[in-house]
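In case you want the letters, here they are:
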Amino acid sequence: MAGTQPTTIKAGSMAEALAEVKRTFGPDAVIIRTRCVRAGGALGVGGRDVYEITAAGSGEHAAPAPMTADERMTRASAAMASTDDDFSPFSVATFPEPRRSKPQTGAGVPEELLPKKRVAVAPPPPTTDRAAPPPSKREAPKPEAPRPEPQKQAAPKKAPRALTPPTTSDDDRAAEIERELASLRGMVEEIMKQTKGASSTTAAPREGVPNSRRPVAVPESVERLGRRLAEQQTPPATIEELQRAIASELTPSECADDDLVRATAARLIAERIPTSDGKIDTGPDPRVIALIGPTGVGKTTTIAKLAALLKLRHGRRVALITTDTYRIAAAEQLRVYADIIGLPLRVTTRPEEAARAREELGRTHDVVIVDTPGRSQRDARRIDELANILAAVQPDERRLVCSAATGGEAISRVNDAYAAAWPDGLILSKLDEAPGAGVILDAVERTKLPIAYITTGQEVPDDIEGATSASLAGLILDGFETSRRR
Ligand SMILES: Nc1nc2c(ncn2[C@@H]2O[C@H](COP(=O)(O)OP(=O)(O)O)[C@@H](O)[C@H]2O)c(=O)[nH]1
Ligand SMILES: [Mg+2]
């Protein structure tokens, strides 16, 4: 019977390999040998761990119909993913879709999340067989692989050495197999506990790691990183996703390197934050930029900052339009800025007027910036009026200004309320007043909008920055105050 032939199965994780063994030989599979080898890479750099299990059927179970490679991967992944959704890779469904840091290895359990207790019981020490071939799911049976003769007494005197083929007597060989089996049983139990999300076995969460469902502790340096992100008010679920991504990307020894952990975190965070790449001046002329958002978030001040930068630093011909005539002070405020910077300003009261002003100013200017009345997010009728203004003005950019000080949840509500105005990017204002820079990640994940600029104070024009993913990641890791001092 095919299922009784010893076969070596290789996979990217022990859990996958076990699932495949079970699938191939049934629940009574006899495990003959396990080992972990390093495959791929060059000169000791790179490569990945490949888990091998040599197993045979017990003879009582016929081998099931062979599966395709895809079916095997799907089953192995499902076995892990269905029981622990914390392992699901993060994704921010936004534009552009954040890139993954490296190809995912399917359902592989990060090395440090594999049970460590087993090492104390009977470790299968990984070999460093760098010449090992890339993992193929299955390999031809090894003729020397013995059929195990389980022994009743197999208490090892000392921890077994590497799982190399036995060279001594049959008794020694059987004893070694028995020890490996015991080791494997321990591993399987641990993996089952983890993948079933057995909260009863959950280690007490450490400070700074908000999710109490964490099944095992992560390395200390990654914990420290988590605490730093938590201090910046980064959402707990995001912290956990980042920690898992780092722990699965770096080896345990790399995880001990704080600088490497930080650099990896910076890259992973940056990948999650779409931005306008720091560009203040974008697109073909004339560029019409409208700022929308609730009252008091900093629209008019931000327009003054933008206009001053564009004119004074980039030498652009800038004109302003305000459609905010609900409050006399609002138009006056913009007029003061326009006069100081030396810009034309058109005050308009109706959508058609605004459209005409855009048309006329667009002929003689490179950039036209449009101020709009603040709308309460609870006032749908007023937001429809705003949508009418925008429909008439036809801006190239519709930037939703949100105060970072209000937090991610409030920003998300504003974004929902402004859906009728079709915002295409975020300006996060008042970052200097936010409880932490983690609000940037929170806002991006909730709104799925890229960040165009951040504003960091009341000074015109200095307190505005074109956002880049890397600079925002640095802000989140170091905090606003620290990164300002650098
Ligand atoms: N701390 C801080 N205050 C800001 C920032 N941007 C604007 N402000 C202040 O927020 C208040 C409202 O700004 P304004 O531009 O009138 O908001 P608008 O109603 O949205 O047009 C003013 O006192 C601004 O000086 C910022 O980035 N940080
Ligand atoms: Mg205003």
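Rules and cut-offs
- Residues numbered from 1 in each chain as written.
- Chains lettered and ligands numbered in written order.
- Predicted model: local features only at pLDDT ≥ 70, side-chain atom pairs only at ≥ 80, totals over all residues.
- Heavy atoms only, no water.
- pLDDT = per-residue confidence, 0-100.
- Contact = heavy atoms within 4.5 Å.
- Salt bridge = Lys/Arg side-chain N within 4 Å of Asp/Glu carboxyl O.
- Buried < 20%, exposed > 50% of the residue type's maximum accessible area, 1.4 Å probe, protein only.
- Helix = DSSP H or I, 4+ residues; strand = E, 2+ residues; numbered from the N terminus.
- Core = buried A, V, L, I, M, F, W, Y, C linked by side-chain atoms within 4.5 Å.
- Domains from an automatic or database assignment.

A. View of the confidence of the model for the protein chain. When pLDDT is averaged along the protein chain, the result is 72, and 61% of the positions lie at 70 or above. Predicted confidence is poor over residues 41–45, with pLDDT under 50, and the contacts of this stretch with residues over four places away or in other chains come to three contacts. Confidence drops under a pLDDT of 50 for residues 60–168, and excluding neighbours within four residues, the segment shows 194 contacts in the predicted structure.

B. Just the pattern of salt bridges, in detail. A complete count under the given rule lists 23 salt bridges for this structure. The salt bridge involving E220 is made with R227; its shortest N-O contact spans 3.1 Å. Assessed through its relative accessible area of 37%, E220 is described here as partly exposed. With relative accessibility at 24%, the residue R227 sits in the partly exposed group.

C. Representation of the side chain of D442 within the structure. Its location among the elements puts D442 in helix α14 (residues 439–447). Take D442: its relative accessible area is 13%, and that puts it in the buried class. The residues touching D442, leaving out its near neighbours within four places in the chain, are P235, G408 and E409.

D. Molecular detail of unusual backbone geometry. Omega for the bond connecting V460 with P461 falls within 30 degrees of zero, at 5 degrees, which places this linkage in the cis form. Summarising the element assignment, P461 is placed in the loop between β11 (451–455) and β12 (464–466). Of note, the phi angle at Q394 is positive, near 50 degrees, even though the residue is not glycine. Take Q394: it is sitting in the loop between α12 (380–393) and β9 (397–403). One non-glycine residue, W422, lies in the positive phi region at around 50 degrees. Structurally, W422 is set in the loop between α13 (408–417) and β10 (425–429). Look at W422 and you get exposed, because its relative accessible area is 64%.

E. Here's a closer look at the nonpolar core. I269, I273, L428, I440 and I451 are the most contacted members of the largest nonpolar core, which has 59 residues in total. Per element, the largest residue contribution to this core is six residues, and it comes from helix α8 (residues 258–271). When residues of this core are sorted by domain, at least three fall in each of domain 2 (204–271) and domain 3 (287–485). L428 has contacts with C402, A404, I411, I440, A443, I451, Y453, I454 and T455, leaving out every residue within four places of it along the chain. In terms of nonpolar packing, the next biggest core, distinct from the first, is built from 24 residues, I289, V318, A452 and Y453 among them.

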